[in-house]
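Tertiary structure, described
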2 protein chains.
Amino acid sequence: MINNKKILSIVLGVLLLPIFLGCCKCRKTELLSSWHDGQAKREIVEFIRDSTTPGNKNFLPVEDRIVVFDNDGTLWTEQPLPFQIFFAFDRIKALASEHPEWSSQQPFKAVIEDDQETIKTFHTRDIVKLVAHAHAIEDIDNFDTIVQDWLATARHPRFDKPYTSLVYQPMLEMLEVLRKNEFKIYIVSGGSVEFMRAWAPEVYGIPKEQIIGSTMELAVDMNEDNPVVSRLPKLNWNNDHGGKIVSLARILGKKPAMIFGNSDGDLEMMLYADTADTPQLFVYLDHTDAEREYHYNEETLSGKLVRGRQIAKSRGWIMVDIAKDWKRVYPDE
Amino acid sequence: MINNKKILSIVLGVLLLPIFLGCCKCRKTELLSSWHDGQAKREIVEFIRDSTTPGNKNFLPVEDRIVVFDNDGTLWTEQPLPFQIFFAFDRIKALASEHPEWSSQQPFKAVIEDDQETIKTFHTRDIVKLVAHAHAIEDIDNFDTIVQDWLATARHPRFDKPYTSLVYQPMLEMLEVLRKNEFKIYIVSGGSVEFMRAWAPEVYGIPKEQIIGSTMELAVDMNEDNPVVSRLPKLNWNNDHGGKIVSLARILGKKPAMIFGNSDGDLEMMLYADTADTPQLFVYLDHTDAEREYHYNEETLSGKLVRGRQIAKSRGWIMVDIAKDWKRVYPDE
């Protein structure tokens, strides 16, 4: 038979359970299981703990818990080229039959003919032109499916895996820990919002409206009161370097509490955010792992980290050494 | 002495309490106490109930619960002129001593001299010029305080009250109900983000990053690695009419589930959003209350609702008749 004492302990247990569960929810930094217990992990965990502990001098109210992630090279791989460029090349090929004029026009001709020698000579403006044309569409509502269909079949040239499986497992864990601690997660990327929004919500759990990136020109056709938005093959906003500062100021209107980046392209926004008078943490990923991923150097085309490395040192920002700090790089390792 | 039966009912009570509280949280439509129980309230409450009831044919997962509010005339009063224009006039006067050239230049001269006859002849381009110059600042970090200081002393010409007390009580209640039901609330306004972000987070509980509006040009000065963003006296984006469509496409990347507006300036985005294949509700406020607020007509400068009224009728959108549907208009009535 149940006695009063037993029932009282059940009552107490039930009453205390939410508090216990609440604590777990607030702290779940043990979720960072793919991280070695090095200095980088320790400092990040400490910041998250302090900023979510009422009374701590580094406590941040929920509305200030804004964290920004770069995408290429920070949340997923960006070598040998940012994956969006592979998408653009394949999309140009798929569109070639609708654009017979491309067969004699560069940079389209080289892409359509897989002319690697010419592709190697491309300037940034050629890449931008290709990406812009790959994004052009009569009704933007149909674009997600195009990207999703491509992702379903395209394979990474070195790893022979879908691109979406080349996300960083330790960073997926970081996103999860931050979400559990009521941080609002934004992507601020040099890549296009249009491309990222097609897959990042599912892959990262970051909603479309929290993805900021480069954008193409849009055009509105009111279409007899059933408006259709088309996208023109023209860059509207280049969201890299100083462009990231303007996006923080214009779209967020706040200086984030944390920024995770991996290249000099993230440096300006990190410097800009680093002038807030609230607790902050800045983290750079250092791509040091040629075996499991890539070892960047000063010649790396995408994601070069030179000036950012010096500044990080002088400002005490955290450097994550991928070879040393990560137990594994990809989810399926 | 406590017997087992009593203790068991306590246990049951404690166990059931979260479920009960959960229901309250999900349903809190009784918070709409400033609304008469008319058709408008009934239809809005029904939509919120259905879209948050799992299994209902109109159920919306949380990530799709995006609701957009226009600001001027939808969340607060916009007569006799949108309040931002009063701010701009006062700001121009305050800046006049730094700009001696304005004393002989229109539209500045008329504002500085309070020359109402000339002010009445202003075109939209004059207003835009004044607003843009009122927003110009060397370091955007200092702008919130300027707006807040103005709001602390400025008074509405008819009601002789602070502008922030001329928010609509029934709409504050609507925001609260939507928040409780896990809708993510955005403002999409023709007004400038810079002005709204200075007070709307506190007044409406809507965070800065969920405020979209017209914007001015920004300039970045890297300032020896301590970047400063200044705002130039030049319109960057006019977020009205078709501009609101582009902002939904570019910044949200989603068609909202609900839109609340009050003028033809909201019509285009409502028509655009109304092409989604998920449950949606569109609501127009009809300013019919000359006594407690304003009765708009076809000559009303700001917030005219003519074409939108016809479309609302043909599409079955909800019309809120302020005189009939609201028990009170302002919080302190």
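Note: the structure precedes this text.
Here the structure is a predicted model, which means the values were calculated and not measured.

Residues and elements named next belong to chain B. Here helix α3 (residues 83-95) crosses helix α7 (residues 143-153) at 100 degrees, and the two axes come no closer than 11 Å. One way to sum up the angle between α3 and α7 is to call them roughly perpendicular. Seen from α3, the contacting residues are Phe 83, Phe 86, Phe 87, Asp 90 and Arg 91; seen from α7, they are Phe 143, Ile 146, Val 147 and Trp 150. Class assignment of the residues belonging to the contact of α3 with α7 gives a composition of 7 nonpolar, no polar and 2 charged.

Attention now goes to the interface of chain A and chain B. Of the residues lining the interface, 46 residues belong to chain A; the matching set on chain B comes to 46 residues. For the pairing of chain A and chain B, the buried interface totals around 3800 Å² over both sides, and the portion due to carbon and sulfur atoms is 57%. Viewed at the interface, chain B and chain A are joined by 8 salt bridges. Note that Lys 254 of chain A is salt-bridged to Glu 209 of chain B, the shortest N-O span being 2.8 Å. Where chain A touches chain B, the interface holds 22 residue pairs in polar contact (both at pLDDT 80 or more). Those elements that place two or more of their residues in the side of chain A that touches chain B are α1 (4-27), β2 (184-192), β3 (211-221), β4 (228-237), α11 (242-252), α12 (267-273) and α13 (307-315) of chain A. Sort the elements by how many residues they give to the side of chain A that touches chain B and α11 of chain A lands first, with 7 residues.

Residues and elements named next belong to chain B. In spatial order, the strands read β4-β3-β2-β1-β5-β6-β7; together these 7 strands make up an open sheet with mixed pairing. Two strands lie at the open edges of the sheet, namely β4 (228-237) and β7 (318-321), each paired on one side alone. Put simply, the sheet's adjacent strands are angled 30 degrees from each other on average, direction ignored.

A few words now on the sheet that holds strand β5 (residues 258-261) of chain A. Strand order in the open sheet formed by 7 strands is β4-β3-β2-β1-β5-β6-β7 (chain A), and the pairing between neighbours is mixed. Two strands in the sheet have a free side with no partner beyond their single neighbour: β4 and β7 (318-321) of chain A. Averaged over all adjacent pairs, the angle separating strand axes in this sheet is 30 degrees, with direction ignored. The sheet contact formed by β3 of chain A and β4 of chain A spans 6 bridges and is antiparallel. Bridge pairing in β4 of chain A places Val 220 of chain A opposite Val 229 of chain A. Here helix α11 (residues 242-252) of chain B sits on the sheet and contacts β3 and β4 of chain A; the angle it forms with β3 of chain A, its principal contact strand, is near 145 degrees.

Conventions and cut-offs
- Residues numbered from 1 in each chain as written.
- Chains lettered and ligands numbered in written order.
- Predicted model: local features only at pLDDT ≥ 70, side-chain atom pairs only at ≥ 80, totals over all residues.
- Heavy atoms only, no water.
- Axes fitted to C-alpha atoms, helices over the stretch in contact; angles between N-to-C directions.
- Helix = DSSP H or I, 4+ residues; strand = E, 2+ residues; numbered from the N terminus.
- Parallel < 35°, antiparallel > 145°, perpendicular 65-115°, else oblique.
- Contact = heavy atoms within 4.5 Å.
- Nonpolar A, V, L, I, M, F, W, Y, C, P; charged D, E, K, R; others polar.
- Buried area = accessible area lost by both parts, 1.4 Å probe.
- Salt bridge = Lys/Arg side-chain N within 4 Å of Asp/Glu carboxyl O.
- Polar contact = N/O pair within 3.5 Å; in protein donor to acceptor, adjacent residues only side chain to side chain.
- Pairing = 2+ DSSP bridges.

Honestly, it's all geometry; don't read function into it.
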